[in-house]
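Listed here are the chains, written in short residue letters.
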Amino acid sequence: MLTPEENVLLTRVEGDAPMGKIFRSHWLPALLAEEIAAPDCDPVRVRLLGEDLVAFRDSDGRIGLIDEQCPHRRASLFYARNEECGLRCLYHGWKFDVEGNCVEMASEPAESSFCDKVNIKSYPVVESGGFIWTYMGPRETMPEFAPPVWQPTSETNVVTTKVVVGANWAQMLEGSIDSA
């Protein structure tokens, strides 16, 4: 039987929690590829390891996984317009690319360099096996992505599904291996 303190140590994944650091050292499935199947589709909310993010596929088909909040007034980029290779915040028109760089500010004069100084958190992503995978750890320790074993080649057909369950990772793992 775990003590309450041991349970917290084992199950918390937010911020600098030890289990969160372990999870951040691996590529994680963030969402189904079909959720952002088309270029310029609506952004999708993603919550991973205590972080609120948005995923989108830009006009060129590149995938972005960025902080949900615009740094200007913290408006949700879930409501942003996905257009011309970026998400445009509906509040003041700041536009961010898949790497979290601010690429346009409608309120700034063309000669302003302020846009170059603004960016938001973004994570590297890979599309494989019907999922969008992300690495949330330090970039300098990022391992090479290994495709999932259920799709040995890119031509292998796969079927994916997503189930949202109100439980923490340890409960799900323990429940799935419990033969009783």
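What you are looking at is a predicted structure, and each value in this text was computed from that prediction instead of being measured.

*Asks:* A description of the environment of proline 29 should follow, citing residues and the corresponding values.
*Replies:* Structurally, proline 29 can be placed in strand 1 (residues 27-32). Of the residues examined, proline 29 reaches a relative accessible area of 39% and is grouped as partly exposed. Linking proline 29 and serine 128, residues 99 residues apart in sequence, is a C-alpha distance of 9.5 Å. With residues up to four places along the chain from it excluded, the contact list for proline 29 reads Leu48, Phe131, Ile132 and Trp133.

*Asks:* Report on the nonpolar core, specifying residues and quantitative values.
*Replies:* The biggest cluster of nonpolar side chains holds 19 residues, and the ones touching the most others in it are Leu31, Ile36, Val46, Leu65 and Met136. Counting residues per element, the ones that place at least two in this core are strand 1, strand 2 (44-48), strand 3 (51-57) and strand 4 (63-67). Discounting residues that sit within four places of it in the chain, valine 46 has contacts with Ala30, Leu31, Glu51, Asp52, Leu53, Ala55 and Leu65. The next biggest cluster of nonpolar side chains, apart from the first, holds 16 residues, and it includes Val54, Phe56, Trp94 and Cys115.

*Asks:* How would you explain the sheet that holds strand 7 (residues 95-96) if you had to name every residue and give the values?
*Replies:* The four strands lie next to each other as 5-6-7-8, forming an open sheet whose pairing is antiparallel. Since the sheet does not close on itself, it has two edges, and those belong to strand 5 (81-83) and strand 8 (102-104), each with one partner. Alignment of strand 7 against strand 8, held across two bridges, turns out to be antiparallel. Bridge pairing in strand 8 links lysine 95 to glutamate 104.

*Asks:* Give me the pairing of strand 4: which residues, what numbers.
*Replies:* Of all five residues in strand 4, five are buried; the element is thus mostly enclosed. Sheet topology note: the strand 3/strand 4 ladder contains five bridges and is antiparallel. Across the sheet, the residue bridging to leucine 53 is aspartate 67, located in strand 4. Connecting the antiparallel pair strand 3 and strand 4 is a turn made up of five residues, with glycine 61 showing a positive phi of about 90°.

Analysis parameters
- Residues numbered from 1 in each chain as written.
- Predicted model: local features only at pLDDT ≥ 70, side-chain atom pairs only at ≥ 80, totals over all residues.
- Heavy atoms only, no water.
- Helix = DSSP H or I, 4+ residues; strand = E, 2+ residues; numbered from the N terminus.
- Buried < 20%, exposed > 50% of the residue type's maximum accessible area, 1.4 Å probe, protein only.
- Contact = heavy atoms within 4.5 Å.
- Core = buried A, V, L, I, M, F, W, Y, C linked by side-chain atoms within 4.5 Å.
- Pairing = 2+ DSSP bridges.

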